[in-house]
Number of protein chains: 2
Amino acid sequence: MTNHDVETPTLMGSKERLVAAALSLFQAKGYHGVAISDILEAADLPKGSLYHHFPGGKEELAIAAVGFIADEVDARLASEFAKNKRAGAVLLELAHECVSWLQRSDYTQTPLLGLLAASPGESALTQAICDAQKRWLARFETALGGTEAAHDKACLALASLEGGISLARMSRSSDLLIRSVTLAALHINQR
Amino acid sequence: MTNHDVETPTLMGSKERLVAAALSLFQAKGYHGVAISDILEAADLPKGSLYHHFPGGKEELAIAAVGFIADEVDARLASEFAKNKRAGAVLLELAHECVSWLQRSDYTQTPLLGLLAASPGESALTQAICDAQKRWLARFETALGGTEAAHDKACLALASLEGGISLARMSRSSDLLIRSVTLAALHINQR
DNA sequence: ACCACACTAGACCAGACGGTCTAGTTTCTC
DNA sequence: GAGAAACTAGACCGTCTGGTCTAGTGTGGT
């Protein structure tokens, strides 16, 4: 969850720039809400470049973007859990990061995958999003002990996070996100 | 939350048919994912009718659709809470209704407002969605006693519901929704 | 110097988009 | 039954969509 600046595109290769621009825009307007021309403008690249790097067009690019954020968050979770932190603490930390994300973008951008959920029905993109969620879920689940109860708690963790983000974005205030996640974290931590 | 069948459109007036068709489609594909022609086809009406009833076009129709579902759920919450049911129980009931909703549509349709979140930035539509969430939140909050802690719990209720729906739709299984909501309900009920 | 290759560049296309407009039809009112 | 108002009907328009295609440019190896 390091650097989503599309403002400094020159430092990245054009493929990375495309992914970064796409991710940022998709997180702000959802898959159907973003035109390819928007992405190209943000990445400052012509059409040819896109279809060279991503012959599959818009959807392949979106899948790459999803994969990128999925990896980033997954790695982050892994490293946090490796420090033997409690799951609730990690959840809270993630939530706070999402808050600053929301605030930085003036509540236009949705962290994680929320807005991408409005993706074409049976597509590979939907599959990619589903995979990402599964991976994150699994991180929490194993960190919580791998039991049946752990699975439940992991579900609550992710749901309260994604749901809270949605509430926060709509109300343009991080308050609701913080409240729901702290409460969830509280419950998750107790055994 | 009674009847979202677009299959029997003849029983409703054309304005209601438009709203029903629009709601159903928006819940399945999000605002930008639905073309006006899709809605007209589903409602079996020509373009003229739409722009007669909704001079504001797509967005005004979407706002009406949001208002419709907002009222329906709000009324439902009011009637449940009037029976002095515990908030956790009402939340669970709502969740189960969402589950059957998801299953009936083979996980194509998202209950409530989830997919509508990907709406144009500062629009009146976004405002309408925000209002709906506020009303639902307020129902839970007052039912929980109106305290600060009640507000927190209300946030968790709604977040776990919306987040759980998103998880469920992606995994094409109601399991994750049920798990997160039951856990949330458990926490909400205890004082 | 040569050439193969990775990449950029953007004109171009067919189709879909949201929205307007005029002409018709039904339905209500008196 | 006449006239007004509510509504239906769909042709039409300008714009924007995702995607293709050809031409060009830079860069590596040999």
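Rules used throughout
- Residues numbered from 1 in each chain as written.
- Chains lettered and ligands numbered in written order.
- Predicted model: local features only at pLDDT ≥ 70, side-chain atom pairs only at ≥ 80, totals over all residues.
- Near = placed C-beta within 6 Å.
- Helix = DSSP H or I, 4+ residues; strand = E, 2+ residues; numbered from the N terminus.
- Nonpolar A, V, L, I, M, F, W, Y, C, P; charged D, E, K, R; others polar.
- Axes fitted to C-alpha atoms, helices over the stretch in contact; angles between N-to-C directions.
- Parallel < 35°, antiparallel > 145°, perpendicular 65-115°, else oblique.
- Contact = placed C-beta atoms within 7 Å.
- Core = buried A, V, L, I, M, F, W, Y, C linked by C-beta atoms within 7 Å.
- Buried ≥ 20, exposed ≤ 12 C-beta atoms within 10 Å, placed from the backbone.
- Least-squares fit on C-alpha atoms with pLDDT ≥ 70 in both.

Participant: Explain the protein's contact with DNA strand D here, please?
Facilitator: In the vicinity of DNA strand D there are 15 residues, among which Ala35 and Gly57 of chain A together with Ser14, Gly48 and Ser49 of chain B approach most closely. For the surface near DNA strand D, the secondary-structure elements that each account for two or more residues are α2 (36-43), α3 (47-53) and α4 (57-82) of chain A together with α3 (47-53) of chain B. The biggest single contributor to the surface near DNA strand D is α3 of chain B, with 4 residues. Of the residues in the surface near DNA strand D, the class split is 5 nonpolar, 7 polar and 3 charged.

Participant: Looking at this structure, how should I read the packing of helix α1 (residues 14-29) of chain B against helix α4 (residues 57-82) of chain B?
Facilitator: Geometry of a packed helix pair, given as the angle between the helix axes and the separation of the axes. All names here are of chain B. Viewed as axis vectors pointing N to C, α1 and α4 meet at an angle of 85°, and their least axial separation amounts to 9 Å. Put simply, α1 runs roughly perpendicular to α4. Together, Leu18, Val19, Ala22, Leu23 and Phe26 of α1 and Leu61, Ala62, Ala64, Ala65, Phe68 and Ile69 of α4 make up the contact between the two elements. Each residue belonging to the contact of α1 with α4 can be placed in one class, and the counts come to 11 nonpolar, no polar and no charged.

Participant: Got a minute to help me understand the protein's contact with DNA strand C in this structure?
Facilitator: DNA strand C sits among 15 residues. The nearest are Ser14, Gly48 and Ser49 of chain A together with Ala35 and Gly57 of chain B. Taken together, the elements giving at least two residues each to the surface near DNA strand C come down to α3 of chain A together with α2 (36-43), α3 and α4 of chain B. Broken down by element, the surface near DNA strand C gets its largest block of residues, 4 residues, from α3 of chain A. Broken down by class, the residue content of the surface near DNA strand C amounts to 5 nonpolar, 7 polar and 3 charged.

Participant: Just checking my understanding: could you explain the nonpolar core for this structure?
Facilitator: Where a protein is soluble and globular, its nonpolar side chains tend to be buried together. Within the largest apolar cluster, 126 residues are counted, with the highest numbers of intra-cluster contacts made by Ala22, Val66 and Leu91 of chain A together with Ala22, Val66 and Leu91 of chain B. Sequence-distant contacts of Ala22 of chain A, that is, excluding residues within four places in its chain, are made with Ile39, Leu61, Ala62 and Ala65 of chain A.

Participant: Got a minute to help me understand the relation of the copies chain B and chain A in this structure?
Facilitator: Relative to chain A, chain B is turned by 180° and slid 0.0 Å along the rotation axis, the superposed coordinates differing by an RMSD of 0.0 Å. Here the copies are linked by what is in effect a two-fold axis. Of the C-alpha atoms belonging to chain B, the one lying closest to the rotation axis is found on Gly163 of chain B, 2.0 Å away.

Participant: When you look at the interface of chain B and chain A in this model, what are you seeing that I'm missing?
Facilitator: Contacts between the two partners involve 36 residues from chain B, matched on the other side by 35 residues from chain A. Mapped onto the side of chain B that touches chain A, the elements with two or more residues apiece are α6 (124-143), α7 (148-171) and α8 (175-189) of chain B.

Participant: I would appreciate a short explanation of unusual backbone geometry in the present structure.
Facilitator: Peptide bonds are trans in most cases, and residues, glycine excluded, mostly fall at negative phi. Residue and element names in this part refer to chain A. Phi at Asn84 is positive, roughly 65°, even though this residue is not glycine. Relative to the elements of secondary structure, Asn84 occurs in the loop between α4 and α5 (87-104). The exposure class of Asn84 is exposed, given the 7 C-beta atoms found within 10 Å. Residues other than glycine seldom take positive phi values, yet Leu112 does so here, at roughly 55°.

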